Amino acid sequence: MDADGSMHRCTPLWAICSLTFLASIGTGVVWNGISFIVEHQFGFSKQQTLALYGVLGATYVVGSLSTGRALRALESHLSPRTALMFILMLEALVCSGPWFVPKPWMVVAVACVISVLSSWLWPIIESYLTAGRHGGAMRNAIGFWNLSWTGGVAVALVLMGSFIEEHASMAIVMLGALHGVAALLLVCFTREPGAHDEEQSAAHVQDEYPLLLRAARVLLPLSYVLNAAMSPLLPYLLDDLEVEKGVQTSIGSRWMWVRIVAMAIMWQLGFWHGRWGTLLLGGVTMTSGFALVVMSPAVWVLMVGLGLFGVGLGIVYYAALYYAMSVGKAEVDAGGTHEALIGVGYTVGPIAGLVGLGVSRRAADAGWDLWDGAGVVAITCLLIGVGAIGAVRTYLQARRKRQVR
């Protein structure tokens with residue numbers, strides 16, 4: 001209950017999604033645009049860019065896992081809404097760094113701080129989004145929200161095109177300021193997320209949801225392993241295909257638009273609830289799309305790969321969040337675990353990329369005519385294979401339970 005004794009009410013969905021859209025433009029330019037910035041403006045090598053992404057992923061994991069504990073420790077002094085205000089204002093302030101010091105170390109520092117702040121932001125937002133909503137209502141809310149944040153990230157890369165050739169790091173300053181605008185929407189937020197009804201929650205959680213969640217939590221970090229291995233390499237892949245720099249971020253965002261379409265379909269159609277085939281489709285499309293992108297001999301092949309990649313990531317993310325918040329009763333810790341798994345992917349992906357580049361170089365030294373991407377594909381697909389074993393074992397466990405019943 002609120003301080004006046006009334007029951008918690010849900011924050012309006014439009015307010016949550018509007019804030020998410022604006023904040024996602026700011027964080028998107030850091031997370032997905034940083035590779036273009038450091039390559040175009042500061043001449044970072046592939047190895048340096050991958051290493052940067054690995055550091056960002058590690059800081060994101062630590063931050064995500066600490067969100068729930070930090071809020072509980074501060075709850076007598078700091079409401080979730082106030083925490084959101086501080087986070088958003090800090091993000092806007094931090095993004096102004098390259099304006100004053102346009103140096104590579106400042107851009108890297110800003111990216112790392114934004115990584116930590118974002119890892120605190122999204123679990124709280126996800127709790128506001130799903131608390132008090134169940135079943136179809138939760139799927140509907142997640143659908144609107146997914147379109148908001150994926151749209152914001154895609155818009156960020158498109159808007160970067162006007163900065164990328166002359167003053168790439170200024171994109172962080174200009175688009176990062178939208179965090180401050182997003183904070184204005186907190187006047188529409190309740191002090192705390194809405195109450196989550198235990199009986200309604202249980203009624204909408206099918207018997208296999210915990211196992212589906214376990215499988216989705218295998219695929220989710222793997223999807224971000226692929227994302228984090230591919231994103232740092234995209235500028236170099238597009239350079240190799242002789243794509244003009246002014247349109248590179250626009251092309252690089254294509255998979256994000258396809259991801260939006262995939263999420264929109266899942267939002268409108270609830271047939272995938274409880275179906276294992278949905279997770280299988282997500283895993284196959286994201287893996288095949290990644291391989292096509294990283295080994296593409298032509299721009300059109302890269303575009304097809306980006307499309308498949310977007311479909312896979314959209315499916316896996318939507319399913320993982322839905323099962324996480326359904327089984328986890330919309331608590332901040334459930335969102336924190338979800339975001340931490342994304343951070344794991346963001347950490348392992350660049351490491352896999354670095355190892356893959358090393359494998360390709362060793363092969364070249366030994367006389368093998370392999371492109372750099374071959375080693376990256378081999379290492380990441382090996383990780384996907386290991387993860388697939390875990391997901392299949394979970395599916396077989398579900399089948400055995402069905403046979404017993």
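Remember, predicted model here, so these are calculated numbers, not experimental data.

A. The overall build of the protein, seen in detail. When its secondary structure is counted, the protein shows 18 helices and zero strands. The proportion of buried residues among the 405 residues of the protein is 57%. For the protein, the exposed surface amounts to about 16,300 Å²; the carbon and sulfur share of it is 66%.

B. Region of the structure containing the nonpolar core. If you look at the biggest cluster of nonpolar residues, it comprises 120 residues, and the most contacted ones within it are Ile-34, Ile-125, Trp-145, Met-160, Phe-189, Phe-290 and Tyr-317. Broken down by element, this core gets its largest block of residues, 15 residues, from helix H16 (residues 299–327). If we ignore the near neighbours within four places in the chain, the residues touching Phe-290 are Leu-226, Ala-229, Met-230, Phe-309, Val-376, Val-377 and Thr-380.

C. Highlighting a nonpolar patch on the surface. Where nonpolar side chains cluster on the molecular surface, the patch consists of Val-261, Ile-265, Leu-269 and Phe-271 and spans about 380 Å² of accessible area. When you line up the elements, Phe-271 lands in the loop between helix H14 (254–268) and helix H15 (276–294).

D. Up close: the environment of Leu-292. The residue Leu-292 is located in helix H15 in this model. We classify Leu-292 as partly exposed; its relative accessible area is 31%. If we skip the residues at most four places from it in the chain, Leu-292 touches Val-301, Val-304, Gly-305 and Leu-308.

E. Highlighting the pattern of salt bridges. Counting across every chain of the model gives one salt bridge. One salt bridge connects Glu-192 with Arg-191, and the closest N-O pair in it is separated by 3.2 Å.

F. Structural view of empty space enclosed by the protein. Counted under the stated rule, the structure contains four cavities of 30 Å³ or more. Contributing to the lining of the largest cavity are 18 residues, with Tyr-60, Trp-122, Trp-149, Tyr-224 and Tyr-346 lying nearest its centre. Contributions of two or more residues to the lining of the largest cavity are made by helix H1 (13–31), helix H7 (135–160), helix H11 (209–230), H14 and helix H17 (332–365). Sort the elements by how many residues they give to the lining of the largest cavity and H1 lands first, with four residues. Residue composition of the lining of the largest cavity, grouped by class: 11 nonpolar, five polar and two charged.

G. Region of interest: unusual backbone geometry. At Glu-242, a residue that is not glycine, the phi angle is positive and equals roughly 60°. With respect to the element layout, Glu-242 can be found in the loop between helix H12 (234–240) and helix H13 (245–252). When its relative accessible area of 73% is taken as the criterion, Glu-242 is described as exposed.

H. Layout of the layout of surface pockets. In this structure, the second largest pocket encloses a volume near 320 Å³. Around the second largest pocket, the lining is made up of 16 residues, and of these Leu-219, Leu-279, Leu-280, Ala-391 and Val-392 lie nearest the centre. Secondary structure elements with two or more residues in the lining of the second largest pocket: H11, H15 and helix H18 (372–404). Looking at the lining of the second largest pocket, the element that brings in the most residues is H15, giving eight residues.

I. Summary view of the packing of helix H3 (residues 46–74) against helix H6 (residues 104–130). Put simply, H3 and H6 touch, their axes get as near as 7 Å, and they point 35° apart. Relative to H6, the crossing made by H3 is right-handed. Residues Leu-52, Val-55, Leu-56, Thr-59, Tyr-60, Gly-63, Ser-64, Ser-66, Thr-67 and Leu-71 of H3 pack against Val-108, Ala-111, Cys-112, Ser-115, Val-116, Ser-118, Ser-119, Trp-120, Trp-122, Pro-123 and Ile-124 of H6. A per-class count over the contact of H3 with H6 returns 13 nonpolar, eight polar and no charged.

J. Geometry of the confidence of the model for the protein. For the protein, per-residue confidence averages 83 on the pLDDT scale, and 89% of positions sit at 70 or higher. Counted against residues more than four places away or in other chains, residues 1–8, with its pLDDT under 50, gives nine contacts.

K. The arrangement of the packing of aromatic side chains in detail. In total, this model carries 13 aromatic pairs according to the counting rule given. Relative to Tyr-323, the ring of Tyr-209 lies with its centre 5.0 Å away and its plane at 65°, an arrangement referred to as edge-to-face. Of this pair, Tyr-209 sits in helix H11 while Tyr-323 sits in helix H16, and the two are 114 residues apart along the sequence. When sorted by exposure, Tyr-209 lands in the same class as Tyr-323, which is buried. Arranged with centres 5.4 Å apart and planes meeting at 75°, the rings of Trp-272 and Tyr-318 form a pair that is edge-to-face. With Trp-272 in the loop between H14 and H15 and Tyr-318 in helix H16, this pair connects stretches of sequence that are 46 residues apart. Looking at Tyr-318, the relative accessible area reads 0%, which means it is buried. In textbook terms, an aromatic cluster arises when at least three aromatic residues are bridged by ring pairs, as seen for Tyr-209, Trp-272, Tyr-318, Tyr-322 and Tyr-323.

L. Just the packing of H1 against H6, in detail. Axis separation between H1 and H6 bottoms out at 11 Å; the angle between their running directions is 160°. Relative to H6, the element H1 is oriented roughly antiparallel. The handedness of the crossing between H1 and H6 comes out as left-handed. Contact residues: H1 offers Leu-13, Ile-16, Leu-19, Thr-20, Ala-23, Ser-24, Thr-27, Val-30 and Trp-31, while H6 offers Ala-111, Ile-114, Ser-115, Ser-118, Leu-121, Trp-122, Ile-125, Tyr-128 and Leu-129.

What counts and how
Residues numbered from 1 in each chain as written. Predicted model: local features only at pLDDT ≥ 70, side-chain atom pairs only at ≥ 80, totals over all residues. Heavy atoms only, no water. Helix = DSSP H or I, 4+ residues; strand = E, 2+ residues; numbered from the N terminus. Buried < 20%, exposed > 50% of the residue type's maximum accessible area, 1.4 Å probe, protein only. Areas by Shrake-Rupley, 256 points an atom, 1.4 Å probe, with all protein chains shown as cover. Core = buried A, V, L, I, M, F, W, Y, C linked by side-chain atoms within 4.5 Å. Contact = heavy atoms within 4.5 Å. Patch = residues over 30% accessible without salt bridge, like charges linked within 9 Å, V, L, I, M, F, W, Y side chains within 5 Å. Salt bridge = Lys/Arg side-chain N within 4 Å of Asp/Glu carboxyl O. 1 Å grid on protein atoms, 1.4 Å probe; cavity = no way out; pocket = protein on both sides within 12 Å on 5 of 7 lines; lining within 4 Å. Points joined across faces, edges and corners; volume = space filled by probe spheres on them. Nonpolar A, V, L, I, M, F, W, Y, C, P; charged D, E, K, R; others polar. Axes fitted to C-alpha atoms, helices over the stretch in contact; angles between N-to-C directions. Left-handed = near helix turned anticlockwise from the far one by under 90°. pLDDT = per-residue confidence, 0-100. Phe/Tyr/Trp six-rings, centres within 6.5 Å; stacked < 30°, edge-to-face > 60°. Parallel < 35°, antiparallel > 145°, perpendicular 65-115°, else oblique.

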